[in-house]
Amino acid sequence: MIGPGDNAEVCDICQARPDWEALPQAVRDEVGAMADAGAVWLAIERLRELDHSRLDSWDYTLMVACQNRRNSSGSMPRNAS
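Residues numbered from 1 in each chain as written. Predicted model: local features only at pLDDT ≥ 70, side-chain atom pairs only at ≥ 80, totals over all residues. Heavy atoms only, no water.

Trainee: Honestly, the packing of helix α3 (residues 40-50) against helix α4 (residues 57-66) in this entry has me stumped. Any pointers?
Mentor: Contact geometry for α3 and α4: axes closest at 9 Å, N-to-C directions at 125°. It follows from the interaxial angle that α3 and α4 lie oblique. By crossing handedness, the relation of α3 to α4 is classed as right-handed. Where α3 approaches α4, its residues V40, A43, I44, L47 and R48 are matched on the opposing element by S57, Y60, T61, M63 and V64. (Axes fitted to C-alpha atoms, helices over the stretch in contact; angles between N-to-C directions. Helix = DSSP H or I, 4+ residues; strand = E, 2+ residues; numbered from the N terminus. Parallel < 35°, antiparallel > 145°, perpendicular 65-115°, else oblique. Left-handed = near helix turned anticlockwise from the far one by under 90°. Contact = heavy atoms within 4.5 Å.)

Below you can see the structure in the form of structure tokens.
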């Protein structure tokens with residue numbers, strides 16, 4: 001399990017993604033739950049809708065694909081066990 005203070009490496013793609021943590025907590029919770037449930041495409045579309053399509057579609061895809069790397073505090077994977 002990765003915890004605070006651990007030096008876990010983040011892949012280049014996840015590091016280059018738009019900042020997931022900058023989104024409102026309610027958006028992260030809703031979209032993250034959709035992605036965790038396996039509805040990744042719907043999560044991407046919902047994120048685009050909630051963010052008023054300000055970014056390129058690829059940016060939203062990266063945000064959803066990489067959001068599982070860190071929880072909202074940025075310290076531990078969402079589904080670490």
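Having seen the model, we can carry on.
Trainee: When you look at the pattern of salt bridges in this model, what are you seeing that I'm missing?
Mentor: Close approach of charged atoms allows side chains with opposite charge to pair. Counted under the stated rule, the structure contains four salt bridges. A salt bridge links E49 to R46; the shortest N-O distance between them is 2.2 Å. Of the two residues, E49 and R46 both sit in helix α3, three residues apart, roughly one turn of that helix. Accessibility expressed as a relative area gives 24% for R46, which makes it partly exposed. (Salt bridge = Lys/Arg side-chain N within 4 Å of Asp/Glu carboxyl O. Buried < 20%, exposed > 50% of the residue type's maximum accessible area, 1.4 Å probe, protein only.)

Trainee: Which parts of the structure should I look at to understand the side chain of D51?
Mentor: Checked against the element boundaries, D51 lands in the loop between α3 and α4. Owing to a relative accessible area of 9%, D51 belongs among the buried residues under this scheme. Within the structure, the side chain of D51 is placed 3.1 Å from the side chain of R54, a separation counted as a polar contact. Setting aside residues up to four positions removed in sequence, D51 forms contacts with L23 and Y60. (Polar contact = N/O pair within 3.5 Å; in protein donor to acceptor, adjacent residues only side chain to side chain.)

Trainee: Even after reading the chapter, I still don't get the confidence of the model for the chain, so can you show me in this structure?
Mentor: Where the model shows low pLDDT, its predicted coordinates should not be examined in detail. Confidence along the chain averages 76 in pLDDT terms, with 63% of residues attaining 70 or more. Between residues 71-81, whose pLDDT stays under 50, and residues either more than four places distant or in other chains, the model counts 28 contacts. (pLDDT = per-residue confidence, 0-100.)

Trainee: Can you help me understand the nonpolar core in this one?
Mentor: Side chains that are nonpolar tend, in soluble globular proteins, to be buried together. By size, the foremost hydrophobic cluster in this structure holds 11 residues: W20, L23, V27, V31, A35, A43, I44, L47, Y60, M63 and V64. Looking at this core, the elements that each hand over two or more residues are α2 (25-36), α3 and α4. (Core = buried A, V, L, I, M, F, W, Y, C linked by side-chain atoms within 4.5 Å.)

Trainee: I keep staring at α3 and nothing clicks. Help me out?
Mentor: For an α-helix the count is 3.6 residues per turn, leaving residues at separations of three or four pointing the same way. Turning to α3, its buried residues number three or more, namely A43, I44 and L47. For α3, the arc enclosing every buried residue in end-on projection is 100°, short of the 170-degree limit, so these residues lie on one face. Exposed and facing more than 90 degrees away from the buried side of α3 are W41, L42 and E49. Those residues of α3 hidden inside the fold are in contact with α2 and α4. In the segment just after α3, H52 is the residue with positive phi, at about 60°. (Arc of directions from axis to C-beta.)

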